[in-house]
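# Topology and contacts: notes
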Amino acid sequence: MLLLGSTALNAVIGNELVISKARGKWINKKIGNIETNVIASFHPAFLMRQPDQKKFAWEDLKMIRKKISEFKIYKNLRNYFLKLKYKSFLIYIVTNQPD
C-alpha cells in the first residue's frame with residue numbers, strides 16, 4: 001500500500017510518525033483481516049513545492065517496483081488490486097493471488 005503524504009500516513013498508521021521519517025521504509029500493517037506492507041512517500045503537491053525532494057520519492061517508487069517483482073504479479077496488475085474504502089480514503093492493496 002502506498003500512502004502519499006502525511007494525511008494518508010496519519011489516517012492509516014497514526015500520528016506517531018512524520019512523513020520525512022516514515023518514507024522509504026516498509027511498515028507491516030493489519031487492516032481488518034488483511035495484513036499488508038505499507039510504504040509512505042511525499043505527496044505530489046509537496047514535490048511540486050519542493051522539487052529537491054523528488055529524488056527521495058523516486059527511491060520510494062523503486063522500492064515499490066522491487067516489492068511488486070518479489071510478489072511476481074507484474075503480468076496483469078489490474079487483476080491483483082483490492083479496492084477498499086477506509087476513513088474516506090480510497091486504498092488499493094496489492095495482493096499476492098495465484099495465477
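Look above for the structure.
Attention here is on the structure that accompanies the text. (Residues numbered from 1 in each chain as written. Predicted model: local features only at pLDDT ≥ 70, side-chain atom pairs only at ≥ 80, totals over all residues. Heavy atoms only, no water.)

### So, the overall build of the protein
Cut-off, in case you're wondering: Each helix is a run of H or I in the DSSP string that is no shorter than four residues. Each strand is a run of E no shorter than two, and both are numbered from the N terminus. The buried label goes to any residue with under 20% of its type's maximum accessible area, the exposed label to any with over 50%, and the partly exposed label to all in between, with areas taken from a 1.4 Å probe on protein chains only. In this analysis, two residues are considered to be in contact whenever any of their non-hydrogen atoms come within 4.5 Å of each other.
Helix and strand counts for the protein come out as four helices and five strands. Each helix and strand of the protein, placed in order from N terminus to C terminus, yields the pattern β-α-α-β-β-α-α-β-β. Among the 99 residues that make up the protein, the fraction classed as buried is 34%. Long-range pairs, those at least 24 residues apart, make up 40% of the contacts in the protein between residues at least 6 apart in sequence.

### Some details on the pairing of strand β3 (residues 34-41)
What counts, and what does not: The pairing criterion for strands is at least two bridges between them, as found by DSSP.
In terms of burial, β3 is a largely internal element, six of the eight residues being buried. In the sheet, strand β1 (residues 2-4) pairs with β3 via three bridges, with the strands oriented parallel. The residue bridging Leu4 from the neighbouring strand is Ser41, located in β3. Bridge count between strand β2 (residues 27-31) and β3: five bridges; the pairing is antiparallel. Bridge pairing in β3 links Asn28 to Asn37. Where β2 folds back on β3, the antiparallel hairpin that results is connected by two residues, among which Gly32 adopts a positive phi of roughly 65°.

### As for the environment of Val38
Mapping Val38 onto the fold places it in strand β3. Classification of Val38 as buried rests on a relative accessible area of 0%. For Val38 and Ile64, which are 26 residues apart along the polypeptide, the C-alpha to C-alpha distance reads 9.6 Å. Excluding residues that lie within four positions of it along the chain, Val38 makes contacts with Met1, Leu3, Ile13, Lys25, Trp26, Ile27 and Lys29.

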